[in-house]
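Here is what each chain is made of, one letter per residue.
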Amino acid sequence: MDAVGVGLVVNLSGGTVTRPRPDQPSDFERNKALMDTLFPGRFLHYLNLDYRGWDEPDFAERAAKQIEEGHRLGAAGFKEYKRLGLTIRDRSGKAVGIDDPKLDLMWSKCGELNMPVSIHVADPKAFWEPYNPENERWKELKDHPGWWFGDTNKYAPRMELLEALDRVIARHPKTKFVCVHFANNAEDLDWVEQALDRRPNMYADLAARIPEIGRHHPDKVRRLFLKHQDRILFATDFQVYNRLILGSSGNEPPPSDADAEVFFAKHWRWLETRDQDWPHMTPIQGDWTISSIGLPAPVLRKIYFDNARKLLARSLPLPVVQARRISQDFMPNGELDEPVWQTTRPVVMEYASADHSARPEMATTIRVLWSDEWLYLAYESPYTRLTVFDPPRSDSERYNMEQRGVSLWDRDVVEAFIASDPTKLRRYTEYQVAPTNEKLDLILDLPARDFAWSSGFQSAVKVDEQAKMWTCEMRIPMKSLTSDKTQTGARWRLNFFRCDRANNAFLAWSPTLTGNFHTPEKFGVLEFVE
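Computed from a prediction, not measured in an experiment: that's the story for all the values here.

Draft legend 1. Inspection of the environment of Arg269 at higher detail. Structurally, Arg269 can be placed in helix H10 (residues 257-272). Taking C-alpha positions, Arg269 is 17 Å from Leu226, a pair spaced 43 residues apart along the chain. For Arg269, the contacting residues outside a window of four places in its chain are Asp275, Trp278 and Ser292. Looking at Arg269, its side chain comes within polar contact range of the side chain of Asp275, at 2.8 Å.

Draft legend 2. Looking closely at the side chain of Ser353. Of note, Ser353 is situated in the loop between strand E14 (351-352) and strand E15 (364-370). The class of Ser353 is buried, set by a relative accessible area of 2%. With sequence-adjacent residues up to four places away left out, Ser353 is seen in contact with Phe497, Phe506, Leu507, Ala508, Pro511, Thr512, Leu513, Thr514 and Phe517.

Draft legend 3. How the structure looks around H10. Between its terminal C-alpha atoms H10 stretches 23 Å, which fits the 22 Å expected from 16 residues at 1.5 Å a residue. Among all positions in H10, only Ala260, Phe263, Phe264, His267, Trp270 and Leu271 are buried. For H10, the angular spread of buried residues about the axis comes to 115°, placing them on one side.

Draft legend 4. Region of interest: the pattern of salt bridges. As enumerated under the stated definition, the model contains 44 salt bridges in all. Ionic pairing is found between Arg30 and Asp27, a salt bridge with its closest N-O pair at 3.1 Å. Residue Arg30 and its partner Asp27 are located together in helix H1 (residues 27-38), separated by three residues, close to a single helical turn. Its relative accessible area of 45% is what places Arg30 among the partly exposed residues. As a salt-bridge pair, Asp166 and Arg198 come within 3.3 Å of each other at their nearest N and O atoms. Note that Asp166 is positioned in helix H5 (residues 158-171) and Arg198 in helix H7 (residues 189-198), a separation of 32 residues in sequence. Residues participating in the shared-partner salt-bridge network are Glu136, Arg137, Glu140, Glu212 and Arg215.

Rules and cut-offs
- Residues numbered from 1 in each chain as written.
- Predicted model: local features only at pLDDT ≥ 70, side-chain atom pairs only at ≥ 80, totals over all residues.
- Heavy atoms only, no water.
- Helix = DSSP H or I, 4+ residues; strand = E, 2+ residues; numbered from the N terminus.
- Contact = heavy atoms within 4.5 Å.
- Polar contact = N/O pair within 3.5 Å; in protein donor to acceptor, adjacent residues only side chain to side chain.
- Buried < 20%, exposed > 50% of the residue type's maximum accessible area, 1.4 Å probe, protein only.
- Expected span 1.5 Å × (residues − 1).
- Arc of directions from axis to C-beta.
- Salt bridge = Lys/Arg side-chain N within 4 Å of Asp/Glu carboxyl O.

Given below as structure tokens:
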């Protein structure tokens, strides 16, 4: 992940939430605990359904309860393998249908709890064609005979499975369905486009299907990606067992980490360049070449991470910002010209607080420093047109909780909410500064707000009209934040916000997803380092 630039991975195979015994963890609990311990903040986990007891009259309710339990345990979503309509069978031996009404309560529960569904049905068209060396996927099928579904006495036709899934998506418009492997039908771009057109709650991922998609004319593929850029997700089908699996596998020698880096590099090449007729990343999936589609950077950004971040916003790990210790204090001037600022690791605030929509054009950079006496914050905020009170007020703070449009936050501001005691999240301090350097601070112990409180914080602002950037430096007395001496390694909770009225932008470093900035459970982490 580090070598190829992947920050966060979604593990779709998180396991079931049913416990073997009351005193033993479920597979999901064990897998999540292991990864959270070894690599905190790098993995999200989906749960899988336990179909035992399918023939019992209460299975529908028990399936929905599994979704509820997965949600409680921290599952980011639900994954269904290519079992429905194929391998899961009832007591009589009949295949359990994808659109069986007994599953409707479960699909609805996923939507109710905002848990996206990644669902695999059917498989490549070749897996329904004759099982012989003439099959274009023969190399893969002969190593995986269980992937062949051409026996009409055992398996339904491929398109029947896709149609059944379409009926499920239509019946549950509040549930988001990520149809993996490019909507399970990478051979037919027209079908995929039409399905995305008619089902606004349907998404498609790229896992293990670039070799197939890349056979189509690149201009046609590119047009489809541009049209549905908000509902296509990057994925690879990269798997780790006792060996790596790069999209698919056979009896070849196991790939190395270096092979995995090449595997990812070929994904970047296909998405980012316009190279023609080159060998794809998974040779076992077909002996042909592919042509790249060269997507523009804003679309790449959506497919690589913005679409996934919005889909998974409820479950994303809390962000962390490091405050770097300094040995000599300085007075803010709004210029950010103190060399020590450039030694910090900045964070970027560029998502809408309410729904995690990306606003890259408003990306605001934030840096943090600290000393024994002060906590320093610096913001660099691009703008198109400033919205401020004129003239600014310097003799008193501007606020009125009873009247709309007259408080400082009703114009452009940058803000910081700081909870120095993580065990008392509902008690925190708030700081606001406008482009005019008009400022406001208060202390909250929700729902109470104390505007009479004063931290004694200082601020300075510079507006660069030519560069369309306004910068703000503030420093907050440590004694106003905590009565204890802050130590290296301390971890507080905080969040950064920005209001830009001209662009209707209400940004949060850690989006609250509530339409209200005052959601301390979603505050990120401030870590004090040397």
